[in-house]
Amino acid sequence: MSSPHPSQGHVPDSASNASHDNLPKLAHAPSIAQSETPSSTLSFGNFSTGLSVDDDDGDDDSAIYDLDRAQSSMSASSSIYDFVEEHGRTYHRYKAGKYWMPNDEREQERLELQHLICHKIFKNRLALAPVREPARVLDFGTGTGIWAIEFAIQHPDSDVLGTDLSPIQPEYVPPNCRFEIDDIEDDWMYSTKFDYIHGRHMVGSITDFPKLFSAIYENLTPGGWVEMQDYYVKLQAVDGSLDGTALQRWNNMLNHALSFMGRSGLNTVKYKRWLREAGFQDVREEVFAVPGNPWAKGQEQKHLGALQMENILEGLSGISLTLFTKFLDMSAEAVETLLVDVRNDLVNKDIHFYYPIMSVYARKPFPR
């Protein structure tokens, strides 16, 4: 390894409103077309969740909740490391405010947990696209850099570059891995094309996906692959147990707040079409269901649900505070009051909700 050189209950709407009289009405936020706000029983074509409700109350979940979390070179001036502080959290300094999630140690640990969840969903595969030994790899929105580092270890002949707005990647990395501070929505200035470009959990961070996919197309070698791994940020349920809950209301508020930034957590279902419009071929879409807590039957699904529950519980405040105070005109205290009920719903196994996660990958064609 080399050191980089710096270059419980189901809460009906009526009950929820009683304690949140001062919260903003959703009508005050920018509207979203009905076709983009599907119900909590969205159908993804032939997709089947593979989840069934565990009606056996005798299960011992104690072991499930005892979770063990999975545990560069940057062209940046020292001011980049002088992070912005707000709501008791730190945020990126470079292009401050563009990304709304914190970047502190607490959030970094959550990102590592999220990586573990993806490992379990994708059966220990870092890439679902049929890449073998790509010479040059780009991981944009790399976060802690854990995906890029693991890919570099598994592919020692690949040159792996990770980019992010925050310089929070580790100092010691494989010799074929490096990191840079960059905004993926800026004009791309790379001198050499890539063979595989990977982006994960970026749906709420990008304002113009068609433009991004065009830039990716131009910066891939012929035959190269792009892969997007993302949540569809509209909670689903296998029954009506999500309807009318504080959790569902919070989810709707989140997407409305994102719309003020010109973004949408619902864009994941458009990746396939946008990639085709950008010129890609062999476009594939794979959909996975991640239970929101250990409500589903089977030890594997229970463990996955427990991990995901911990992931969202730990990230809930960071996800909500900046967006809701800035765009929904809420005080930090009002946000935290709302989150009390949301947390109760998150741990309620009588709410049979899940998160759709999608991997969409495509190939740049060879010239004719």
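One numbering rule holds for all chains: residues counted from 1, following each sequence as written. Residues qualify for local features only when their pLDDT is at least 70, as the model is predicted, and side-chain atom pairs are given and counted only at 80 or more; totals for whole chains, interfaces and linings, by contrast, use all residues. To obtain the side-chain values, all non-hydrogen atoms of the structure were used and water was disregarded.

**Q** How should the packing of aromatic side chains be read in this particular structure?
**A** Here a ring pair, both rings aromatic, is described through the centre-centre distance and the interplanar angle of the planes. Stacked, tilted and edge-to-face are the three classes applied to pairs of Phe, Tyr and Trp rings, where Trp contributes its six-membered ring and a pair requires centres within 6.5 Å; stacked means planes under 30 degrees apart, edge-to-face means over 60, and tilted covers the rest. Summed over the entire model, instances satisfying the criterion amount to 15 aromatic pairs. Their ring planes at 35° and their centres at 5.8 Å tell us that Phe151 and Tyr196 sit as a pair that is tilted. With Phe151 in helix 4 (residues 146-154) and Tyr196 in strand 6 (residues 194-200), the pair connects residues that are 45 residues apart, well separated along the chain. No difference in accessibility class separates Phe151 from Tyr196, as the two residues are buried. Between Tyr190 and Phe194, the aromatic rings sit 5.1 Å apart at their centres with planes inclined by 85°, giving edge-to-face as the arrangement. In this structure, Tyr190 and Phe194 share a single accessibility class: buried. What links up through ring pairs into an aromatic cluster is the set Phe209, Phe213, Tyr271 and Trp274. A ring has a charge above it when a Lys NZ or an Arg CZ is no more than 6 Å from the ring centre and no more than 35 degrees off the ring normal. When the ring centre of Phe194 is taken as reference, the NZ or CZ atom of Arg136 above it lies at 4.4 Å. The ring of Tyr217 has Lys364 sitting right over it, with the charged end atom 4.8 Å from the ring centre. Per the convention used, a helix needs a DSSP run of H or I reaching at least four residues, while a strand needs a run of E reaching at least two, with both numbered from the N terminus. Residue burial is assigned from relative accessible area. The probe radius is 1.4 Å, only protein chains are included, and a residue is buried under 20% of its type maximum, exposed over 50%, and partly exposed in between.

**Q** For this particular structure, what's the right way to read the pairing of strand 10 (residues 353-363)?
**A** Regular strands show a simple pattern: their side chains alternate between the two faces of the sheet. With respect to burial, strand 10 is a largely interior element, 11 of its 11 residues being buried. Whether two strands pair comes down to DSSP finding at least two bridges between them. Pairing geometry for strand 8 (residues 236-237) and strand 10, over two bridges, is antiparallel. Within the sheet, the bridge partner assigned to Ala237 lies in strand 10 and is Phe353. Note that strand 9 (residues 281-291) and strand 10 share nine bridges and pair antiparallel. Bridge pairing in strand 10 places Val287 opposite Met358.

**Q** What's the story with empty space enclosed by the protein in this structure? I'm lost.
**A** The gaps of empty space that remain are located by a probe, the size of a water molecule, rolled over the atoms. Points on a 1 Å grid, built from protein atoms alone, make a cavity when a 1.4 Å probe fits but cannot get out and make a pocket when they are open with protein on both sides within 12 Å along at least 5 of 7 lines; residues with an atom within 4 Å of a point are the lining residues. Grid points are joined across faces, edges and corners, and a volume is the space filled by probe spheres set on the points. By volume, the second largest cavity is sized at about 30 Å³. Residues were grouped as follows: Ala, Val, Leu, Ile, Met, Phe, Trp, Tyr, Cys and Pro as nonpolar; Asp, Glu, Lys and Arg as charged; and all remaining residues, including Gly, as polar. Each residue belonging to the lining of the second largest cavity can be placed in one class, and the counts come to three nonpolar, three polar and two charged.

**Q** What's the story with the layout of surface pockets in this structure? I'm lost.
**A** Of the pockets and cavities examined, the largest pocket occupies roughly 200 Å³. Lining the largest pocket, in full, are Thr49, Lys120, Ile121, Lys123, Phe288, Ala289, Glu300, Gln301, His303 and Leu304. Mapped by element, the contributors of at least two residues to the lining of the largest pocket are helix 3 (105-121), strand 9 and helix 8 (299-327). The element best represented in the lining of the largest pocket is helix 8, accounting for four residues.

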